[in-house]
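Below, each chain spelled out in residue letters.
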Amino acid sequence: MSSKIRAITTGFALAFTFSQATFAEDGKVYPATMCQGSLVGNPPITYNDGRQLKNNSTSNSAVVVCPVIKDNVFSNAGLNEAYMRYYKANSTGFLSTLYSYSAFGTANYVQYKSDFGGAGYKTLSFTPISSYNQGYYQFIAVIPPSPTSTKSSVISYRVDEN
């Protein structure tokens, strides 16, 4: 075999090897700007600053819905793990729930996490969750109010599909 053909064959083999390793874990990080929050109030209770979704209110919690894109709608393999990254301005509770819905909107697989600790940048971790064939996932988060100029917010969320 000529050295040129050997080099091309080796290149294809390496590319194939790296492509398999690259796609072994199917994880995605979503910006909180994909989440939908309440538009109630003047100004609205939620505010998207381009990096995170903040709760503008000094007295009310904001409920936000964060969609997850499912790669294989026919798979029922589920998620390996999931994370919600957020900032809390005080010790008021931050709540997040991860749902797995059927194609008809019925939620059966649910995980609920909460944080009533102090202020700071934090992450809630979710363990494996089942899926429905042709179903979908979403997070619902409750962002606490912040009586300060630094507002509580959702920063990003991540899911790793099986």
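For every chain, the first residue of the written sequence is number 1, and numbering continues from 1 onward in sequence order. Reporting in this predicted model follows two pLDDT cut-offs: at least 70 for local features of residues, and 80 or more for side-chain atom pairs to be given and counted; totals over whole chains, interfaces and linings ignore these cut-offs and use all residues. Each side-chain value is worked out from all heavy atoms of the structure, with water and hydrogens disregarded.

Thoughts on the packing of aromatic side chains
Ring pairs shown here join Phe, Tyr and Trp side chains whose ring centres sit within 6.5 Å, with only the six-membered ring taken for Trp; geometry is labelled stacked below 30 degrees between planes, edge-to-face above 60, and tilted in between. Overall, the coordinates contain 8 aromatic pairs when judged by the stated rule. Taking the centre distance of 4.7 Å and the plane angle of 50° together, the rings of Tyr87 and Tyr121 count as tilted. Here Tyr87, found in strand E5 (residues 79-88), pairs with Tyr121, found in strand E8 (residues 120-126); they are 34 residues apart in sequence, far enough to count as distant. Seen from their ring centres, Phe126 and Phe139 are 5.4 Å apart, and the 65° between their planes marks the pair as edge-to-face. Pair noted here: Phe126 is in strand E8 and Phe139 is in strand E9 (residues 136-143), with a separation of 13 residues, a long-range link. Helix and strand assignments follow DSSP, with helices taken as H or I runs no shorter than four residues and strands as E runs no shorter than two, numbered in order from the N terminus.

Quick notes on the pairing of strand E4 (residues 62-68)
Burial of E4 is one-sided: the residues Ala62, Val64, Cys66 and Val68 facing one way are buried, the residues Val63, Val65 and Pro67 facing the other way are not. Criterion used throughout: strands pair if DSSP finds at least two bridges between them. The pairing of E4 with E9 spans 7 bridges and is antiparallel. Following the sheet pairing, Val63 is matched in E9 by Val142. Burial classes: relative accessible area under 20% of the type maximum marks a residue as buried, over 50% as exposed, and values in between as partly exposed (1.4 Å probe, protein chains only).

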